[in-house]
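# Topology and contacts: notes
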Amino acid sequence: MMKRKSISASKASVVFFLCQMISALDVPLDSKLLEELSQPPTITQQSPKDYIVDPRENIVIQCEAKGKPPPSFSWTRNGTHFDIDKDAQVTMKPNSGTLVVNIMNGVKAEAYEGVYQCTARNERGAAISNNIVIRPSRSPLWTKEKLEPNHVREGDSLVLHCRPPVGLPPPIIFWMDNAFQRLPQSERVSQGLNGDLYFSNVQPEDTREDYICYARFNHTQTIQQKQPISVKVFSMDSLNDTIAANLSDTDIYGAKPVTERPPVLLTPTGSTSNKVELRGNVLLLECIAAGLPTPVIRWIKEGGELPANRTFFENFKKTLKIIDVSEADSGNYKCIARNILGSIHHVISVTVKAAPYWITAPRNLVLSPGEDGTLICRANGNPKPSISWLTNGVPIAIAPEDPSRKVDGDTIIFSAVQERSSAVYQCNASNEYGYLLANAFVNVLAEPPRILTPANKLYQVIADSPALIDCAYFGSPKPEIEWFKGVKGSILRGSEYVFHDNGTLEIPVAQKDSTGTYTCVARNKLGKTQNEVQLEVKDPTMIIKQPEYKVIQRSAQASFECVIKHDPTLIPTVRWLKDNDELPDDERFLVGKDNLTIMNVTDKDDGTYTCIVNTTLDSVSASAVLTVVARPNPPLDLELTGQLERSIELSWVPGEENNSPITNFVIEYEDGLHEPGVWHYQTEVPGSQTTVQLKLSPYVNYSFRVIAVNEIGRSQPSEPSEQYLTKSANPDENPSNVQGIGSEPDNLVITWESLKGFQSNGPGLQYKVSWRQKDVDDEWTSVVVANVSKYIVSGTPTFVPYEIKVQALNDLGYAPEPSEVIGHSGEDLPMVAPGNVQVHVINSTLAKVHWDPVPLKSVRGHLQGYKIYYWKIQSLSRRIKRHVEKKILTFRGNKTFGMLPGLEPYSSYKLNVRVVNGKGEGPASPDKVFKTPEGVPSSPSFLKITNPTLDSLTLEWGSPTHPNGVLTSYILKFQPINNTHELGPLVEIRIPANESSLILKNLNYSTRYKFYFNAQTSVGSGSQITEEAVTIMDEVQPLYPRIRNVTTAAAETYANISWEYEGPDHANFYVEYGVAGSKEDWKKEIVNGSRSFFVLKGLTPGTAYKVRVGAEGLSGFRSSEDLFETGPAMASRQVDIATQGWFIGLMCAVALLILILLIVCFIRRNKGGKYPVKEKEDAHADPEIQPMKEDDGTFGEYSDAEDHKPLKKGSRTPSDRTVKKEDSDDSLVDYGEGVNGQFNEDGSFIGQYSGKKEKEPAEGNESSEAPSPVNAMNSFV
């Protein structure tokens, strides 16, 4: 079974039609079809039934109709034929039935009053219009009348009658004065529905002579004026004065005073009344009451409620208004007037009648010959209307008979109609309140099918949305519709399609495969026709990145994204809205392809921003809210209340929060008396609080201001409050931080922190300074000083305790008694040195020192601790004296021992101990000499492997820089390394200490060996040095290739790699690198030619890398690994000048010039006979007699670069060219802090050498230690 669905107007290209009955047709409003089909007349436009015309203008009576063939028109007037041709003042518009009556030639409009009816006729029938009653509007003048003045006693009621002339239509009434100003109305004075002016009670101010009633006639745009009415109100006081002046003292006189009166109804009169209103009209009920005080009106409906949403009160509740009344609104409505003296009511019985209204109006009927049909005319009203039928304007009872029709009350039944059955039928429904007239034609047609939808029409829809394919058709009898897909497709059936009665095919969910050609076939018994249309299904438009909610600070930039995806055949348009309206015309709003940017955001930019994307087929949108936040506005209206001597209440009004809630308020104050212009923090309160009780100090001229704080920041300060000066008082507090410290051995300096201005509590702030020696029966000595913060007492004993107090006072008196503090007079240097100094050597680098404490009286000050001065005299292994470099360790408190760390093994030291106070150090104890035992040596200074042969290698080495004792031997360990870098068996050899070279024999040829070398003393072995070497393959090739000294210089994204190569010429090198710590395979770069450098490019900034260099074809030989780290990413990249052509050329020119200068110098030097280096060697032949340098105690020396091998593996030179310290170096960093090293109470060390000097970073691959006498000796052994 086919489904029925409604079709939206936006989807239809023509107006489709629906069936009234199974056998009835409706003719589509297709212009081409209408031109070809015969159709009875239809009235399309006519004048209203009650037509009031302006007598000053031409009368136009409208009557328009359509039909095929076009209808002709005729008129009746007052029931008889109106012959237009015989009246020269009346014309009919061409192709229309509209009459125009020309009254400009002196003809009066009243001559054409009457009832008019229009008839439109063609060969298929006749349609008639309503009875149109023509009446000219009237605006008569007021009849002249003599109006007497109204004299009214104060408090009485009054009605001023308007009684306007009867006009057509009735006039609008209003009251004004001579100045054309509306008279004020109120509960006491108001205008009734009849136009009269009602006074519930008059007052003296109602006296005036220009109460004027105006009547406005809208049709003629005229206003008529009644004669002014005079009202004079007599008050009781003036009336009594008048009576007293005209009567004697003996007469009884006096008017009664104004008396209050209960309510009395002025309109309507009586207790009940009736009201009839028609359905659909506005019901107006009125009650106006007199009384003093003025009564109040209330309305109720007996037995029910006043209808909601349709009930209104007007004229100060004196008028009840119910709109769109229906029969349900009938009933009794009671108005109640009430004042303090009583009440009165009136009941209005309302009956709602109804003129006829349609239930089912007859509709046009299109039938084919032989079909059946019905015309239904149903109406309702109160009373029930009667139904009568006419055909072609003639009562059906006297119309020509038609065997195909049968009248059954409000229904006409047609059966087996023929073409002659075509006619126009009129249904008239009438009662005493009006009538309804409707035309409906019966048109009998025999027509083959026609498809009105254009051929090959293209329909485009979005995927997953409904597709509606039109097949607008007409035929009589009604054709059957079938749909096919494709040229030879089968008929469409199934639940995936919906077939509408108007021929439309609906695909509820169109997919991409729904695209194609669709054929609509229409057939009836008179023929068959078909039409093809095209359907294209497009991809939907989507917003793949929607705008997001933004919270932006004022003056910042806001940006909303709107990235879309759409069908490539559709052209989208993007439009931005703000709060569903166009964007402001402001250059700050920048609309890009995929975004909206708002520059310099202001508060006005707050709102919802919507991105709307439209194509010809669909529309999508997305919205986001922009909230503009800012610091709050400053608080307003600061007010001081509740002023007391020591407190006051401050209140304020918060400023705008600017979309960020206020979290707290900060209150600041200014002391205009002591610090004008300087604002101080007073307190702060939560953001919900707008008042605060503030504590005040005496003798301060306060002003306050408030600052609001939210998450964005602080507001500007509010305007200052009014000033408030507190009274003076004694100081509440005394100075703080009172101290007594002597600056000289014979004085006492008393200091304190002065009171701030507002702490003085009054004028004349001073301080009373008192002191006396502690534990001595002395009186207090006092002195009063001005507003200062220091006083010096002279002539005191050295380092004696004093009791001190400082009291504040001003012109009104003293502060409370101050508390006492203990101070001391000045210190002097200690007098006695520590005694019984003993040294206990714990190990080769650590010693413990003991001493006896000095008597406290001899300290003559605060005991701060003890200092140990110690220095190395000489090294016992070499018996060489060295420059004395004293070191100091400080031990806080009354210590009697301390630890000396970081000593050099096998050395002789001296030390002494001194006591320290605040003034300085006391005398030194006698020097104590002690010696440290032997320790393990440092690593040998170098290890060189030379003269490789088939089965031997020559090793040369240098003695340790720090032997730390008497060397007993050297230990050499070595093992072979195969091509897979696996280690072979380890061989160990002990070498006498006086040897400096060794030839290893019986080695395997063409084999790599790894060597481990270290020195020994009687204590043990020192740290080792490592090296690798390779025996040669044959005697012809004396040098086996070796790559060493791989160095890197890293930048942000590249690194310069350089190396040293020993071996045959024409080696092909490669560089391998990778991220340090990564398990990924090494990356390999081939080096062009035999260069010994390469630039790695494309590195990641701030990343650690590993690198090694190898040689192609040399048994997989490669260097050891090196590590480096690229620099961090920079904001902007500078051009690498080293890669610029002009720079390379300039450097080549400079190098050539330097080469020429070197050649010239070489030639001149040869003539002199000596090299500068030779001269230096001669000058330093014997290291034993070299003088010591005065600055660091080392020997000046010259050493060949070959004496210092580069560090390998674990002791590699860092990329910054500085050398790290050896592991065996003694350091005091682990023991203490600062120059003055310290020990804890348990004797552990917490200090460091005070005389230690920073070691200079070594250049290149030289040793990390600065030269020393020991180094100098070892370098020449």
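Keep in mind that this is a model prediction, so the values were computed, not measured.

Summing up its helical and strand segments, the protein has 6 helices and 93 strands in all. Sequence separation of at least 24 residues holds for 65% of the intrachain contacts in the protein that already meet a minimum separation of 6. Approximately 67600 Å² of the protein is accessible, and the part contributed by carbon and sulfur atoms is 51%.

All chains considered together, the criterion is met by 25 aromatic pairs. Ring plane angle 65° and centroid distance 5.3 Å describe the contact between tryptophan 652 and phenylalanine 665, whose orientation is recorded as edge-to-face. Highlighted residues: tryptophan 652 in strand S58 (residues 647–653) and phenylalanine 665 in strand S59 (residues 664–671), separated in sequence by 13 residues. Summarising the burial analysis for this pair, tryptophan 652 and phenylalanine 665 share the class buried. When the ring of tryptophan 851 is compared with that of phenylalanine 891, the centres are 6.2 Å apart and the planes differ by 50°; the resulting orientation is tilted.

The next point concerns the nonpolar core. Formed by 32 residues in total, the largest nonpolar core has its most connected members in Ile59, Ile61, Trp75 and Ile134. Among the elements that take part in this core, strand S9 (residues 114–122) stands out by supplying 3 residues, more than any other. Here isoleucine 134 is in contact with Tyr51, Val53, Ile59, Ile61, Tyr112, Glu113, Gly114 and Tyr116, once residues within four sequence places are set aside. Counting residues in hydrophobic clusters, the runner-up holds 22 residues, among them Ala467, Leu492, Ala522 and Val533.

Attention shifts here to the pattern of salt bridges. Any two side chains of opposite charge can pair, so long as their charged atoms come close to each other. Under the counting rule described, the total for this entry stands at 39 salt bridges. With a shortest N-O distance of 3.2 Å, aspartate 579 and lysine 578 are connected by a salt bridge. Lysine 578 sits in the buried class, given a relative accessible area of 13%. Between glutamate 1072 and arginine 1108 there is a salt bridge, and its shortest N-O distance comes to 2.8 Å. Here glutamate 1072, found in strand S89 (residues 1069–1075), pairs with arginine 1108, found in strand S92 (residues 1104–1111); they are 36 residues apart in sequence, far enough to count as distant. By relative accessible area, which is 11% here, glutamate 1072 ends up buried. Here arginine 1108 falls in the buried class, since its relative accessible area comes to 15%.

Right, let's get into the sheet that holds strand S77 (residues 897–900). Here 3 strands make up an open sheet; going across it, the order is S72-S73-S77 and the pairing antiparallel. With one partner strand each, in any of the chains shown, strand S72 (835–843) and S77 form the two edges of the open sheet. Strand after strand, the sheet turns through a mean of 20° between neighbouring axes, direction not considered. Direction of pairing for S72 relative to strand S73 (residues 846–852): antiparallel, over a ladder of 6 bridges. Bridge pairing links valine 839 to valine 849 in S73.

The next subject is the state of the cysteines. For the structure shown, the criterion picks out 6 disulfides. Residue pairing for cysteine 162: its cysteine sulfur links by disulfide to cysteine 213, the two sulfurs lying 1.9 Å apart. On the S-S bond that ties cysteine 162 to cysteine 213, the torsion sits near -70°, and the link is left-handed. Of this pair, cysteine 162 sits in the loop between strand S13 (158–160) and strand S14 (172–176) while cysteine 213 sits in strand S17 (residues 208–217), placing them 51 residues apart in sequence. Among the residues examined, cysteine 213 registers a relative accessible area of 0% and is labelled buried. There is a disulfide in this structure between cysteine 471 and cysteine 520, and the S-S distance comes to 1.8 Å.

As a further point, take the pairing of strand S41 (residues 473–476). Residues Tyr473 and Gly475 point to one face of S41 and Phe474 and Ser476 to the other, with burial holding for every one of them. Pairing between strand S38 (residues 447–451) and S41: 3 bridges, direction antiparallel. The partner of isoleucine 451 across the bridge, within S41, is tyrosine 473.

All right, on to the environment of serine 907 then. Along the chain, serine 907 turns up in strand S78 (residues 907–917). Under the relative-accessibility criterion, serine 907 is labelled buried at 0%. Counting along the chain gives 32 residues from serine 907 to serine 875, while the straight-line C-alpha distance between them is 4.4 Å.

A word on the sheet that holds strand S34 (residues 405–408). Taken in spatial order, the 3 strands make up an open sheet running S30-S35-S34, and their pairing is antiparallel. Edge strands, defined here as strands with exactly one partner in the open sheet, are strand S30 (373–376) and S34. When strand polarity is set aside, the average angle formed by the axes of neighbouring strands in this sheet is 15°. Note that S34 and strand S35 (residues 411–414) share 4 bridges and pair antiparallel. In the strand pairing of S35, lysine 406 is matched with isoleucine 413.

Residues at a pLDDT of 70 or more form 84% of the protein, whose mean pLDDT is 84. Confidence drops under a pLDDT of 50 for residues 1–23, and excluding neighbours within four residues, the segment shows 41 contacts in the predicted structure. In the model, residues 1131–1135 has pLDDT below 50 throughout and makes 3 contacts with residues more than four positions away in sequence or in other chains.

Within strand S23 (residues 288–292), 5 of the 5 residues are buried, which leaves the element mostly enclosed by the surrounding structure. Residues Ile288, Ala290 and Leu292 line one face of S23 and the alternating positions Ala289 and Gly291 line the opposite face, and both faces are buried. Of the pairings in the sheet, the one linking strand S20 (residues 261–267) to S23 comprises 4 bridges and is antiparallel in character. Within S23, the position partnered with arginine 261 by the bridge is leucine 292.

Quick look at the environment of proline 797 now. In this fold, proline 797 is placed in the loop between strand S68 (790–794) and strand S69 (801–810). A relative accessible area of 38% places proline 797 in the partly exposed class. Considering only alpha carbons, one finds proline 797 and glutamate 827, 30 residues apart in sequence, at a separation of 9.6 Å. The residues touching proline 797, leaving out its near neighbours within four places in the chain, are Pro745, Gln773, Tyr802 and Ser825.

Right, let's get into unusual backbone geometry. For residues besides glycine, phi is generally negative; the peptide bonds are generally trans as well. Each neighbour pair has its own omega, and for leucine 292 with proline 293 the value is 0°, a cis peptide bond. In this fold, proline 293 is placed in the loop between S23 and strand S24 (296–301). The peptide bond linking serine 476 to proline 477 adopts the cis configuration, its omega dihedral lying at 5°. On the secondary structure map, proline 477 appears in the loop between S41 and strand S42 (480–485). The backbone of phenylalanine 180 sits at a positive phi, close to 60°, despite the residue not being glycine. By the secondary structure assignment, phenylalanine 180 is in the loop between S14 and strand S15 (189–191).

Before going further, it helps to spend a moment on the side chain of threonine 1103. Tracing the backbone shows threonine 1103 in the loop between strand S91 (1093–1096) and S92. At 3.2 Å, the side chain of threonine 1103 forms a polar contact with the backbone oxygen of threonine 1100. Ignoring anything within four residues of it in the chain, the contact list for threonine 1103 reads Val1075, Phe1124, Glu1125 and Thr1126.

It is worth spelling out the environment of glutamate 904 at this point. Examined against the element boundaries, glutamate 904 turns out to sit in the loop between S77 and S78. Accessibility expressed as a relative area gives 28% for glutamate 904, which makes it partly exposed. Glutamate 904 sits 60 residues away from asparagine 964 along the chain, and the two C-alpha atoms are 7.2 Å apart.

Conventions adopted
- Residues numbered from 1 in each chain as written.
- Predicted model: local features only at pLDDT ≥ 70, side-chain atom pairs only at ≥ 80, totals over all residues.
- Heavy atoms only, no water.
- Helix = DSSP H or I, 4+ residues; strand = E, 2+ residues; numbered from the N terminus.
- Contact = heavy atoms within 4.5 Å.
- Areas by Shrake-Rupley, 256 points an atom, 1.4 Å probe, with all protein chains shown as cover.
- Phe/Tyr/Trp six-rings, centres within 6.5 Å; stacked < 30°, edge-to-face > 60°.
- Buried < 20%, exposed > 50% of the residue type's maximum accessible area, 1.4 Å probe, protein only.
- Core = buried A, V, L, I, M, F, W, Y, C linked by side-chain atoms within 4.5 Å.
- Salt bridge = Lys/Arg side-chain N within 4 Å of Asp/Glu carboxyl O.
- Pairing = 2+ DSSP bridges.
- Axes fitted to C-alpha atoms, helices over the stretch in contact; angles between N-to-C directions.
- Disulfide = S-S within 2.5 Å.
- pLDDT = per-residue confidence, 0-100.
- Polar contact = N/O pair within 3.5 Å; in protein donor to acceptor, adjacent residues only side chain to side chain.

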